Amino acid sequence: MESSEEDGGVPLSRMAEWRDVTPLRQDDGPNPVVPITYKEEFRETMDYFRAIYKADERSPRALRLTRRAIHLNPGNYTVWHFRRLVLEALNTDLDEELDFIQRIANSNSKNYQLWHHRRWVIERLGSNARSKELHLIKSILSLDAKNYHAWSHRQWVLQALGGWEDELDYCRQLLEQDIFNNSAWNQRYFVVTRSPFLGGLPAMRASEVRYSVEAIVVNPNNECPWRYLRGLYKDDIESLVNDREILSICLKVINTKSDYIFALKMLLDLLCYGFQPSQELRDAVVALWTSDTRPLDADLATAICDILEHVDSLRASYWIWRKNKLRIAA
Amino acid sequence: MESLTSPTVTQRDQLLVEQQVFSLFKTFYNMPPSSQSFMLELQRENHVEYLTNGLKQLGPSFCVLDANRPWICYWILHSIALMDEFVDPELEDNTIDFLSRCEDPNGGYGGGPGQMPHLATTYAAVNSLVTLGGDKALSSVNREKLYSFMQQMKDASGGFRMHDGGEIDVRACYTAISVASLLNILDDKLVQNVGNYILSCQTYEGGISGEPGSEAHGGYTFCGLATMILINEVDRLDLSSLIDWVVFRQGVEGGFQGRTNKLVDGCYSFWQGGIFALIKRLNSTKGERSIPLGDGEDSDPESPRTTASSDATEEGLNKDLSQDDSHSQKDHHDTSSRVNVADIGHNSSKGHAKVNPLFNSLALQQYILLCSQDLNGGLRDKPGKSRDHYHTCYCLSGLSVCQRSWLEDEDAPPLPHAVLGPYSNLLEPIHPLYNVVLDRYQEAHEFYTSS
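Residues numbered from 1 in each chain as written. Chains lettered and ligands numbered in written order. Predicted model: local features only at pLDDT ≥ 70, side-chain atom pairs only at ≥ 80, totals over all residues. Heavy atoms only, no water.

(A) Structural view of the packing of aromatic side chains. Within the structure shown, the criterion is met by 38 aromatic pairs over all chains. The ring of Tyr211(A) is capped by Arg188(A), whose NZ or CZ atom sits 3.6 Å from the centre of that ring. Seen from the ring of Phe248(B), Arg315(A) lies directly overhead, with NZ or CZ sitting 4.3 Å from the centre. (Phe/Tyr/Trp six-rings, centres within 6.5 Å; stacked < 30°, edge-to-face > 60°. Lys NZ or Arg CZ within 6 Å of the ring centre and 35° of its normal.)

(B) View of helix H15 (residues 279-286) of chain A. Residues and elements named next belong to chain A. Within H15, burial applies to Leu281, Ala284 and Val285. Axial view of H15: buried residues confined to an arc of 95°, hence all on one face. In H15, the exposed residues that point more than 90 degrees away from the buried face are Gln279 and Glu280. Summarising the contacts, the buried residues of H15 are in contact with helix H13 (244-256), helix H14 (261-272) and helix H16 (300-311). (Buried < 20%, exposed > 50% of the residue type's maximum accessible area, 1.4 Å probe, protein only. Helix = DSSP H or I, 4+ residues; strand = E, 2+ residues; numbered from the N terminus. Arc of directions from axis to C-beta. Contact = heavy atoms within 4.5 Å.)

(C) Inspection of the confidence of the model for chain B at higher detail. Residue and element names in this part refer to chain B. This prediction gives chain B a mean pLDDT of 87; 84% of its residues lie at or above 70. Under a pLDDT of 50 for its full length, residues 287-340 has, in the predicted model, 105 contacts with residues more than four places off or in other chains. Among the prediction metrics, the complex's ipTM stands at 0.96, with pTM recorded as 0.92. (pLDDT = per-residue confidence, 0-100.)

(D) A look at the interface of chain A and chain B. With 73 residues of chain A at the contact, the number on the chain B side is 84 residues. Approximately 6800 Å² of surface area, both sides summed, lies buried where chain A meets chain B, with 53% of it carried by carbon and sulfur atoms. Together, Val34(A), Tyr77(A) and Tyr148(A) form the three largest contributors to the area buried by chain A at its contact with chain B, with a combined 12%. Inspection of the chain A/chain B interface yields 7 salt bridges. (Buried area = accessible area lost by both parts, 1.4 Å probe. Salt bridge = Lys/Arg side-chain N within 4 Å of Asp/Glu carboxyl O.)

(E) Up close: helix H3 (residues 44-56) of chain B. Residue and element names in this part refer to chain B. Over its 13 residues, H3 runs 18 Å from end to end, which matches the ideal 18 Å to within 8%, given 1.5 Å per residue. Restricting attention to buried positions, one finds in H3 the residues Arg44, His47, Val48, Tyr50, Leu51, Thr52, Gly54 and Leu55. Close packing links the buried residues of H3 with helix H4 (69-82), helix H5 (89-102) and helix H17 (389-403). (Expected span 1.5 Å × (residues − 1).)

(F) Up close: the packing of H16(A) against helix H17 (residues 316-329) of chain A. Residues and elements named next belong to chain A. Across the interface, H16 lies against H17 with an axial gap of 8 Å and an inter-helix angle of 170°. In terms of orientation, H16 lies roughly antiparallel with respect to H17. Within the contact between the two elements, H16 uses Ala301, Thr302, Cys305, Asp306, Leu308 and Glu309 and H17 uses Ala316, Trp319, Ile320, Arg322, Lys323 and Leu326. A breakdown of the residues in the contact of H16 with H17 according to their chemical character gives 7 nonpolar, 1 polar and 4 charged. (Axes fitted to C-alpha atoms, helices over the stretch in contact; angles between N-to-C directions. Parallel < 35°, antiparallel > 145°, perpendicular 65-115°, else oblique. Nonpolar A, V, L, I, M, F, W, Y, C, P; charged D, E, K, R; others polar.)

(G) Structural view of the packing of H3(B) against H4(B). Residues and elements named next belong to chain B. Relative to each other, H3 and H4 sit at 145°, their axes nearing to 9 Å. Considering only the axes of H3 and H4, their crossing is left-handed. Within the contact between the two elements, H3 uses Leu51, Thr52, Gly54 and Leu55 and H4 uses Trp75, Ile76, Leu77, Ser79 and Ile80. In the contact of H3 with H4, the residues fall into 6 nonpolar, 3 polar and no charged. (Left-handed = near helix turned anticlockwise from the far one by under 90°.)

(H) How the structure looks around the pattern of salt bridges. Enumeration over the complete set of coordinates arrives at 43 salt bridges over all chains. Note that Arg119(A) is salt-bridged to Glu211(B), the shortest N-O span being 3.0 Å. In this pair, Arg119(A) sits in helix H5 (residues 112-125) while Glu211(B) sits in the loop between helix H11 (194-199) and helix H12 (218-230), so the two residues belong to two different chains. Judged by its relative accessible area of 18%, Arg119(A) is buried. The closest approach of N and O atoms between Glu123(A) and Arg124(A), which form a salt bridge, is 3.7 Å. Each of the salt bridges in this network shares a partner with another, and the network as a whole consists of Glu223(A), Arg227(A), Lys265(A), Asp269(A), Arg322(A), Asp244(B) and Arg249(B).

The structure is reproduced here in structure tokens:
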């Protein structure tokens, strides 16, 4: 049974338990570069770790030692790896291991090793661990709703152990809190395309289009729903071009004459895919052009590129490039 | 169409950064020209001092990077090389010695002496040695053992594990393939299925994620794209949607964000900015221009409308223009192997043709120089954050990419107006696939293809 505290910082050299072990110094050489001024506790802990690691001692005290080392440097993947070997050898209760990882996570939620170790533990615990795990990831995401590792881990849990039923609703909740959270949009896409309960992308498409359009109405300058919309039609350009709802929202936004960059961009993409614009749409675009010096190009796609070059001037080079591509495609 | 609800976390965080950055820009624009010139100067001496000090000694807080020491070497050495500065020969020797102590007898480099070999620290160690250059450094790598380490890290999915029992992701693929390519040990066995794995990581947004299903991310997009180029499978990616995603990662601050609706960060100057260098390079090594880069008419850095000031001053310092421009190598196809990867890293274009960068190079330079520089030395994520060696490396790497973004040939001398600030801000060109200084790459390439 591991102690919950890390021996209160007592030097290992003073512990009877470690008397038989000769600590192993780091082979930094006589003139190391990027040498770190290790604190005494760190240096000593790692010296003992090196000795145990070399001897491949997979004992309870080795396990305690890895805990100590991990607290001092959670980025040491060698220590985490060795800890896994010891856990296996000792057949330790892995539920406690989850608590240990959780404590480390409190101050290191963006550490690769920690999340990888968690995956390893959950793999061994199996589907019993599922709901507790999904719950835990939720609490981490409540502190940082975009934690990349947490999201990857969540996706892994869903795929390995299931729990899809509530996931779409979870995405909805997160997006209610922050409609700009791209991680939540990405997760939504993940669920919609992969959940065994939802019937796949084609079945979900209509409702997802509606959902995205609603989001656009509130914040037309939010890039997420626009990319999401495009993603819904990933392998089906023909349907994209024929979707009346998408067309309608583009027109609606353009007519407000404000926050219309993404709407114009979507329209440009549709035109490149063969969409035939109506007169109403043409008129709406022309209404955006305020220059007296020259008229808008007769070709709508070209005209849109010209407008974007001016209103999204940070990306002027890109819009010029898109315009040139039109010429070459023609 | 304003939202009537209170700002979300995303909006609030973004607003705070914008306020800080714009206040900085406003102060800058209100300064007299002489002060402006100073603010746009790359603080070379201070950066070099900060970096060299780090190479010699690091404080106790660095124990959290105790498993990343080859990375610290690379971030420091590469930054110094970008500024065309020198490291004491003694320090160079010490680095070679130190890295050899990080090398595992069975191949690969760990984060420190006695640590398990790891693909990322292997990448950092090899890039450090290539940056140092010279026979001693280059010959110190045990390529045979390294190859067998990589083989062991290879996973059935096509990806690579970072270390024994470690995580698989796009980063692992890049570090493995990049090193193998550089050391000339890349073969069909290592390459097999890598393309399938990376392809499965291109998301609906157009960027590439770390693992299949995860969010499109700048770091992984760079890694994925570079890897696909190195294994000659880049055409399998949807390049137009990738480009479309990455151009929108540049924000009003001028810098790049890592993901949609996240905050700007100086390190993405390279991870995202470097993608444009890769795309540009891709187009110049192909016979025809499948992704035409514009007709060259507007290839004057002054003509694209930018938000940056046009204070780029033309100082008398002209770089030596008699640089060797003959980098063209015939693309000889070795018909005995499925993939001719030997020359992919090496092919470059002829001549001094000009192109239009697809991103706003001057705006990014302005962000790097005004927002990322710590005037006491080192560079950082954003104002308010502390400097560190990682950000110093990637901000400078991004700056180098920016300065040469109007040139088709990495090695040609940039136009004065391509360089924001004094021309002395000019950094050495990099090889965008590996992110090592170009002439160090040339030396390493010659060394590893002849031995």
